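Architecture at a glance
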Amino acid sequence: MQITSFKQYEEDYKKSVENPEQFWGEVAQNFQWRKPWFKVLSWNFNEPNIKWFEGAKLNITENCLDRHLATNGDKPAIVWEPNNPEEESVTYTYKMLHERVCRFANVLKRNGAKKGDRICIYMPMVPELAIAVLACARIGAVHSVIFGGFSAKSIADRINDSQCKVVITADGSYRGNKQIPLKEVIDDALIGCPTVEKCIVLTHIRTPVSMLKGRDVWWEDEVKHVNDICEAEEMDAEDMLFILYTSGSTGKPKGVVHTCGGYMVYAGYTFSNVFNYQPGEVYFCTADIGWITGHSYIIYGPLSQGATSVLFEGIPTYPTPSRFWDIVEKHKVNTLYTAPTAIRSLMSYGEEPLKDKDLSSIRVLGSVGEPINEEAWHWFDEKIGRGKAPIVDTWWQTETGGIMISPIATVTPTKPSFATLPLPGIQPILVDENGNEIEGNGVMGNLCIKFPWPGMLRTTYGDHERCKQTYFSTYENLYFTGDGCLRDEDGYYRITGRVDDVLNVSGHRIGTAEVENAINMHAGVVESAVVGYPHDVKGQGIYAFVIYPEMHGEAELSKKDILQTVTRVIGAIAKPDKILFVSGLPKTRSGKIMRRILRKIAEGDTSNLGDTSTLLDPGIVEEIIEATKKL
Ligand code: WT7
């Protein structure tokens with residue numbers, strides 16, 4: 001199923017469009033099914049109702065673990081690199097990983113978890129996180145992984161939205177030289193989570209934790225009470241595999257739902273092709289498993305293909321900005337998949353951290369999460385790839401389950417800052433405001449997808465109408481991505497960024513409405529408006545305009561108070577980079593905030609603010625511009 005020439009890509013692409021069912025039916029033959037499908041695809045984008053591999057039975061963990069045992073049981077599946085480089089790294093072979101997953105699956109059963117139950121996972125980047133995820137899949141429970149940077153309130157909202165029965169966490173996590181008390185955060189969250197019956201706690205940093213009798217149990221104790229034999233639950237191709245919450249243009253994150261069969265096929269197929277993965281190679285994706293990239297390209301994609309996946313607990317700059325390069329050298333990494341924000345951050349340290357580092361193992365480089373600027377692209381290409389490693393700039397989303405538009409390593413000619421061409425099976429189109437297709441090359445528009453692919457979301461948990469409204473109603477019969485896009489003269493795609501009220505801060509997706517809601521929860525704040533602005537390292541920074549008439553003490557302190565509130569409500573990742581106190585916001589007579597104007601002001605471009613005469617109070621714009629000068 002691996003594409004090895006551009007000609008083959010073109011042929012496969014053509015076939016995938018002309019006969020999608022045959023195409024995906026053949027790809028799916030490369031996976032292990034308990035029972036075959038009777039229909040490859042049935043769909044409509046109106047309801048929406050999408051079914052792939054209908055009637056088929058499988059368990060994704062048999063594809064990620066069991067099927068490799070006979071031939072590749074002793075091959076490394078996960079290589080864990082701890083936060084502290086002085087500590088030993090740990091390798092789990094496929095045999096070991098299989099054993100641990102089965103054992104922990106039995107722990108889940110022992111604690112009352114069954115097929116279909118939702119299980120929240122809030123853990124550090126340790127092998128046990130991958131084990132917990134796979135153990136859920138083994139017994140058919142639905143995992144909902146929550147990124148370790150989210151606050152107790154965010155966790156509680158997510159747990160309650162999907163009525164999780166079990167929580168899996170750890171005492172705490174390391175992040176560089178910081179320690180984060182994960183269990184304490186969970187304890188705060190669980191005060192408001194009546195559906196949670198059990199909490200399984202891994203010892204990791206050995207910080208003191210409170211353990212509630214009857215609810216909380218230690219991972220280490222539990223695994224002693226069970227054996228390592230656990231038959232995989234037989235799942236329907238369209239049974240739920242996991243929920244992953246993501247931000248949109250409203251205040252409330254949505255639980256994106258992925259199902260077993262299609263997701264598995266898509267994650268495995270795209271992993272194998274985009275990275276041109278070769279048996280025996282070491283693959284390192286620096287994302288966190290709390291995001292979709294970690295789900296699809298640390299766990300499910302690589303493991304389904306029998307690959308060796310490096311799992312790194314720490315951060316790129318600890319103990320020094322050489323850390324990634326040390327890991328590449330130490331584990332002889334062949335593929336490095338990271339985010340533009342990490343590249344820009346490491347670039348800023350110059351070449352010193354690269355000195356004497358052996359990066360000769362690198363064969364393929366990948367980028368994901370946000371547009372990569374040309375400067376970062378070239379630095380990555382020259383300094384890390386030594387001009388010899390193709391860069392795959394992979395565009396996709398939580399909702400798409402896997403990579404959609406991207407070069408195929410060693411096959412597709414790349415172009416700096418372009419995600420290049422759609423993968424086989426992906427039919428992108430650009431539309432104008434009214435949903436009319438913009439044909440031809442050298443054009444820009446809103447990026448939509450006009451035909452289903454196996455990895456796409458099926459619904460948003462507990463609220464199908466919301467799924468329909470958000471993705472399938474803006475333009476009839478199209479999946480709308482929320483991204484703007486250029487198709488150049490060569491037909492190559494370049495993603496220009498979100499066209500909705502979603503920010504991308506260091507590759508983290510945050511809704512402006514969510515941040516506004518959090519700021520507005522601060523006592524004394526009357527109203528706020530949040531926009532993004534260009535940020536050298538983060539890609540986008542968060543700029544908040546806040547009406548706070550009776551400030552408590554000095555402005556600087558009040559800003560810190562507001563940051564504290566945002567940290568409590570959402571998490572530190574949503575903290576505004578800039579806060580400007582204003583007496584009013586530019587609003588239309590109907591009361592709508594004119595974000596276009598605020599965005600321009602935040603960008604520092606006040607030369608052409610457009611027509612402000614329709615504003616309720618045009619004077620406010622001048623006042624805000626004056627105030628920004630003092631910030
Ligand atoms: C949004 C999705 C895909 C996994 C990580 C983020 C932006 C993603 C690229 C890229 C330009 C990109 C888009 C997209 N994005 N990859 N290669 N070039 N933009 O997943 O949190 O669901 O965010 O990230 O704006 O819509 P996510």
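Everything numeric in this text was worked out from a predicted model, so none of it was measured.

The rules we used
- Residues numbered from 1 in each chain as written.
- Predicted model: local features only at pLDDT ≥ 70, side-chain atom pairs only at ≥ 80, totals over all residues.
- Heavy atoms only, no water.
- Pairing = 2+ DSSP bridges.
- Helix = DSSP H or I, 4+ residues; strand = E, 2+ residues; numbered from the N terminus.
- Axes fitted to C-alpha atoms, helices over the stretch in contact; angles between N-to-C directions.
- Contact = heavy atoms within 4.5 Å.
- UniProt positions renumbered as here; feature names shortened; annotations may be inferred.
- Patch = residues over 30% accessible without salt bridge, like charges linked within 9 Å, V, L, I, M, F, W, Y side chains within 5 Å.
- Areas by Shrake-Rupley, 256 points an atom, 1.4 Å probe, with all protein chains shown as cover.
- Salt bridge = Lys/Arg side-chain N within 4 Å of Asp/Glu carboxyl O.
- Lys, Arg positive; Asp, Glu negative; His and termini not counted.
- Charge placed at Lys NZ, Arg CZ, Asp CG, Glu CD.
- Buried < 20%, exposed > 50% of the residue type's maximum accessible area, 1.4 Å probe, protein only.
- Domains from an automatic or database assignment.
- Buried area = accessible area lost by both parts, 1.4 Å probe.
- Near = heavy atom within 4 Å.
- Polar contact = N/O pair within 3.5 Å; in protein donor to acceptor, adjacent residues only side chain to side chain.

A word on the sheet that holds strand β17 (residues 308–312). With mixed pairing, seven strands are arranged side by side in an open sheet as β5-β4-β17-β16-β18-β19-β20. The outermost strands of the open sheet, each flanked by one partner alone, are β5 (90–93) and β20 (391–394). Direction aside, the axes of adjacent strands within the sheet are offset by 20 degrees on average. Along the sheet, helix α5 (residues 127–139) contacts β4 (76–81), β5 and β17; its crossing angle with β5, the most-contacted strand, is approximately 25 degrees. Contacts between helix α10 (residues 292–304) and the sheet are confined to β4, β16 (282–285), β17, β18 (335–338) and β19 (364–368), with β16 contributing the most and set at about 165 degrees to the helix.

Okay, the UniProt feature "domain: AMP-binding enzyme C-terminal" (unreviewed entry) in the protein next. In the numbering adopted here, UniProt assigns the feature "domain: AMP-binding enzyme C-terminal" (unreviewed entry) to residues 514–592. As a span, residues 514–592 carries 28% helix and 28% strand, and end to end its C-alpha atoms are 17 Å apart.

A cluster of like negative charges, contributed by E329, E352, D356 and D358, occupies part of the molecular surface. A residue is classified by how much of its surface remains accessible, and D356, at 71% relative accessible area, is exposed.

Take the domain arrangement of the protein next. Domain boundaries assigned for the protein yield domain 1 (6–449) and domain 2 (502–630). Averaged C-alpha coordinates put domain 1 and domain 2 at centres separated by 33 Å. Counting residues at the interface gives 22 residues for domain 1 and 23 residues for domain 2. Together, the buried faces of domain 1 and domain 2 total about 1,600 Å²; carbon and sulfur atoms form 50% of this surface.

To continue, consider the side chain of N276. Note on placement: N276 falls in the loop between α9 (260–274) and β16. With relative accessibility at 7%, the residue N276 sits in the buried group. Not counting the four nearest positions on each side in its chain, N276 is found in contact with Q2, I3, F271, E281, R363, A409 and T410.

A few words on helix α7 (residues 182–190). Among the nine residues of α7, seven are classified as buried, and the element is accordingly described as predominantly covered. Turning to α7, its buried residues are L182, K183, V185, I186, D187, A189 and L190.

What follows is about the site of the ligand. Around the ligand lies a shell of 17 residues, among which D393, T394, T398, D483 and R509 are the nearest. A distance of 3.4 Å is found between an oxygen atom of the ligand and a side-chain nitrogen or oxygen belonging to N504. For the ligand, the accessible surface in isolation is 550 Å², of which the surrounding protein chains cover 96%. Sorting the residues of the shell around the ligand by element identifies α10, β20 and β25 (493–498) as the ones contributing at least two each.

A word on the environment of P454. Locating P454 in the fold gives a position in the loop between β22 (443–449) and β23 (459–460). Among the residues examined, P454 registers a relative accessible area of 1% and is labelled buried. Residues P454 and V368 lie 86 residues apart in sequence; the distance between their C-alpha atoms is 20 Å. Beyond its immediate chain neighbours, meaning those up to four positions away, P454 contacts W24, W52, F53, G262, Y263 and Y266.

The next thing to look at is the pattern of salt bridges. Using the criterion set out here, one finds 40 salt bridges in the structure. Salt-bridge contacts for R509 lead to E399; the nearest nitrogen and oxygen are separated by 2.6 Å. Highlighted residues: R509 in strand β27 (residues 508–511) and E399 in the loop between β20 and β21 (428–431), separated in sequence by 110 residues. Residues R509 and E399 agree in their burial class; the two are buried. Measuring nitrogen to oxygen at the nearest pair gives 2.9 Å for the salt bridge that ties E527 to K587. Within this pair, whereas E527 is found in strand β28 (residues 527–535), its partner K587 is found in the loop between β30 (578–581) and α17 (595–603), the two being separated by 60 residues in sequence. We classify E527 as partly exposed; its relative accessible area is 21%. Each of R34, E62, E231 and E234 takes part in one network of salt bridges that share partners.

Let us now look at the pairing of strand β24 (residues 479–487). The side chains of a regular strand alternate between the sheet's two faces. Within β24, eight of the nine residues are buried, which leaves the element mostly enclosed by the surrounding structure. Across six bridges, β22 lies against β24 in antiparallel orientation. For M444, the partnering residue across the bridge sits in β24 and is L486. In this structure, β24 lies alongside β25, joined through five bridges in antiparallel fashion.

On to the pairing of strand β2 (residues 49–54), then. With five bridges joining them, strand β1 (residues 39–44) and β2 adopt antiparallel strand pairing. Looking at β2, one finds that W43 is bridged to I50. The hairpin turn running from β1 into β2, its antiparallel successor, is four residues long.

Bringing unusual backbone geometry into the picture now. In the segment running from E47 into P48, the intervening peptide bond is cis, with an omega of -15 degrees. Locating P48 in the fold gives a position in the loop between β1 and β2. Across the junction of Y318 and P319, the peptide omega takes the value -5 degrees, indicating a cis bond. Its location among the elements puts P319 in the loop between β17 and α11 (323–331). One non-glycine residue, N276, lies in the positive phi region at around 50 degrees. Phi angles above zero are rare outside glycine, and N477 is one such case at about 65 degrees. A relative accessible area of 37% means that N477 is categorised as partly exposed.

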